[in-house]
Amino acid sequence: MSRLEVADIFRAHGPTWRHAEHGHFSLGQLKVMSAIESCRSAALGGHALRCSACAQPQIAYNSCRNRHCPKCQGSAAQRWLQARSVDLLPVDYYHVVFTLPAPLSALAYTNKELMYGLLFDIAADTLRTIAADPQHLGARIGLTLVLHTWGSALTHHPHVHGIVPGGGFALDADRWVSCRPGFFLPVRVLSRLFRRRFLEALAAAHGRGQLQCYGEFAHLTDAAAFATWLAPLRQVEWVVYAKRPFAGPEAVLAYLSRYTHRVAISNSRLLTLDERGVTFRWKDYRAEGRTRHKTMTLTAAEFMRRFLLHVLPSRFHRIRHYGLLANARRKKNLETARTLLQGPAPAAPAQFDTTSAKGSRPPTFLCRHCGAPMLIIETFARAQHIRGPPALSVSL
C-alpha cells in the first residue's frame with residue numbers, strides 16, 4: 001500500500017474546500033495548493049521510459065519544485081548541504097533558538113514579511129552584540145539562521161534556529177577567541193536584549209504605519225492602544241535557549257539536513273485519511289517520556305488550513321547568514337579563521353559524478369526491477385489548460 005501524502009489530501013479535498021472558502025486565500029496559498037496537487041503527476045508532464053535490460057516500461061512525472069512541497073525538498077537540501085560543507089570550521093558548534101511569544105505570533109500572521117524579517121535580524125543582532133561584549137566573549141562571530149513557522153501540531157509558531165560556531169575573531173581581528181567548553185553565551189542576557197530590541201523595532205514599525213492590524217487586532221491601529229497592548233510583553237520571559245554543542249562537523253551537517261529545507265509536516269508523519277479526517281503523528285513538548293509522542297486527527301479542511309498558515313511571502317529567504325558567514329565576505333573570513341585556528345580547509349564536498357567510466361553521463365533513471373539504466377523513449381509536456389479570451393478593450 002502506498003504511503004499517504006499531503007498531495008493526496010489536497011487532491012481529494014482541495015477543490016471543494018477552495019470553492020467553499022472562496023475569497024479567503026492569498027494568491028501565494030492558491031499557488032502552493034496547485035503546485036502540491038500537480039506534483040509528480042501528468043499535469044506537469046514527464047517522461048516515458050523503457051529499461052535497457054529487461055524492457056520494463058515506466059512513467060516518470062515531473063516535480064513542482066515548490067519550497068512548501070514535502071516531496072521536493074530532499075534534492076534541494078542535498079545541494080545546499082554540499083555547498084555549505086566547505087564552510088565548516090574545526091570548532092564546536094552551538095544551536096540557539098529564538099521564539100516569539102504567542103500574542104506576537106498571532107500578529108505576525110498578517111505581517112509575515114515585516115515580523116519574520118525582524119525576527120531574523122534582531123536575533124542575529126542580539127547574538128552578535130552579546131558576543132562582542134568583552135564581559136562575555138569579546139569576539140565577532142558568524143551564524144546561520146533558519147526560519148520555522150510551525151509547531152508540531154501545525155499551529156503558527158514562528159521561531160528561528162541558529163547554528164553558531166563556538167568563537168570568533170577578537171575585536172582587533174588578530175586572533176581567534178573560543179567559547180568556554182560547553183558554554184556559548186548566557187541565555188537570560190540574550191533573551192532580555194532580544195525582547196527589548198524586538199519590541200522597540202515593532203513600536204517603530206507601528207509608528208511608520210507598516211503594521212497591518214485586522215480582526216481582533218483592528219483596535220491596535222491606535223498608537224495608545226498599541227502601546228498598552230505591548231506593555232505586558234515587556235514583563236514576560238521570552239523563550240531563547242541554547243543547546244549543548246554538536247558532536248563534530250558531521251553532526252552539524254546531519255542537523256542542517258533535517259532543518260534547512262523542512263516544511264510544516266512531512267509525509268512520513270501522516271497516518272490515515274478517512275471520513276473522520278487526517279490523522280498524523282505529533283510531539284507534545286510539554287509532556288515527558290513516552291507520552292510526548294501522540295496522534296492527532298483534524299478534519300481535512302482544518303488540516304489544509306493549518307498547512308497553508310506556513311506559506312511564506314514570495315521571494316522571502318528562510319535561510320540567512322550573518323556576521324563572519326554573511327555571503328559578501330564569507331570565503332575570505334573562513335580562510336582567515338582557518339589560519340588563526342591553524343586548521344586545514346575541509347575537503348571539497350562530494351559531488352555527483354557527471355560522467356561514467358566511458359565518458360558519458362550516468363543514467364538519470366534506473367529500473368525498479370533490475371537496476372539497469374532506463375531509456376527515455378518519449379517526453380510529454382505539461383497539460384495546457386484552455387483559457388478564456390482576453391477582455392475587449394473599449395477605446396474612447
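Use the structure listed above.
Cut-offs applied
Residues numbered from 1 in each chain as written. Predicted model: local features only at pLDDT ≥ 70, side-chain atom pairs only at ≥ 80, totals over all residues. Heavy atoms only, no water. Pairing = 2+ DSSP bridges. Helix = DSSP H or I, 4+ residues; strand = E, 2+ residues; numbered from the N terminus. Contact = heavy atoms within 4.5 Å. Axes fitted to C-alpha atoms, helices over the stretch in contact; angles between N-to-C directions. Salt bridge = Lys/Arg side-chain N within 4 Å of Asp/Glu carboxyl O. Buried < 20%, exposed > 50% of the residue type's maximum accessible area, 1.4 Å probe, protein only. Polar contact = N/O pair within 3.5 Å; in protein donor to acceptor, adjacent residues only side chain to side chain. Patch = residues over 30% accessible without salt bridge, like charges linked within 9 Å, V, L, I, M, F, W, Y side chains within 5 Å. Areas by Shrake-Rupley, 256 points an atom, 1.4 Å probe, with all protein chains shown as cover. Lys, Arg positive; Asp, Glu negative; His and termini not counted. Charge placed at Lys NZ, Arg CZ, Asp CG, Glu CD. Phe/Tyr/Trp six-rings, centres within 6.5 Å; stacked < 30°, edge-to-face > 60°.

A. Main features of the sheet that holds strand E7 (residues 167-170). Strand order across the open sheet formed by three strands is E4-E7-E8, with antiparallel pairing between neighbours. Two strands bound the open sheet, and with one partner strand each, they are strand E4 (139-140) and strand E8 (176-178). Pairing analysis gives three bridges linking E7 to E8, with the strands arranged antiparallel. Opposite phenylalanine 169, over in E8, you have tryptophan 176 as the bridge partner. Lying on the sheet, helix H10 (residues 330-341) is in contact with E7 and E8; it crosses E7 at an angle near 90°.

B. Quick look at the pattern of salt bridges. Considering all chains together, one arrives at 13 salt bridges under this definition. Between arginine 305 and glutamate 302 there is a salt bridge, with its nearest N and O atoms 2.9 Å apart. Here the residue arginine 305 and the residue glutamate 302 both occupy positions in helix H9 (residues 300-308), the gap between them amounting to three residues, near one helical turn. Classification of arginine 305 as partly exposed rests on a relative accessible area of 37%.

C. Structural context of the side chain of histidine 156. Structurally, the position occupied by histidine 156 is in strand E6 (residues 156-165). Here serine 105 takes part through its backbone oxygen, which lies 2.9 Å from a polar atom of the side chain of histidine 156. Side-chain polar atoms of histidine 156 contact the side chain of tyrosine 116, separated by 2.7 Å. Discounting residues that sit within four places of it in the chain, histidine 156 has contacts with Ser105, Ala108, Tyr109, Tyr116, Thr149, Leu309 and His310.

D. Structural view of the sheet that holds E6. As summarised here, the arrangement of the five strands in space is E9-E3-E6-E5-E13, forming an open sheet in which the pairing is antiparallel. Edge positions in the sheet fall to strand E9 (240-243) and strand E13 (319-323), since each of these pairs with one other strand and no more. Strand-to-strand twist across the sheet, computed as the mean angle between neighbouring axes with direction ignored, equals 25°. With four bridges connecting them, strand E3 (residues 93-99) and E9 associate as antiparallel partners. Residue histidine 95 lies in a different strand from E9, and its bridge partner there is lysine 243. With respect to the sheet, helix H5 (residues 112-132) is in contact with E3, strand E5 (142-150), E6 and E13, its orientation differing from that of E5 by roughly 145°.

E. Seen up close, a positive patch on the surface. Together, Lys243, Arg244, Arg258 and Arg262 make up a positively charged patch on the protein surface. Counting through the fold element by element, arginine 262 comes out in the loop between helix H8 (249-259) and strand E10 (270-274).

F. Summary view of the packing of aromatic side chains. Applying the stated criterion across every chain yields a total of 13 aromatic pairs. Both rings, one in tyrosine 94 and one in phenylalanine 184, keep their centres 5.4 Å apart while their planes meet at 20°; by these two values the pair is stacked. Residue tyrosine 94 is found in strand E3, and its partner phenylalanine 184 is found in the loop between E8 and helix H6 (187-207); the two are separated by 90 residues along the sequence. Classification of tyrosine 94 by relative accessible area gives buried; the value is 2%. Take phenylalanine 184: its relative accessible area is 6%, and that puts it in the buried class. Arranged with centres 6.2 Å apart and planes meeting at 40°, the rings of phenylalanine 120 and phenylalanine 316 form a pair that is tilted.

G. Up close: the environment of arginine 234. Mapping arginine 234 onto the fold places it in the loop between helix H7 (223-230) and E9. Between the C-alpha atom of arginine 234 and that of leucine 199, which follows or precedes it by 35 residues, the distance is 7.8 Å. Aside from chain neighbours lying at most four places away, what touches arginine 234 is Arg195 and Leu199.

Fair warning: the whole summary comes from geometry, so function is off the table for now.
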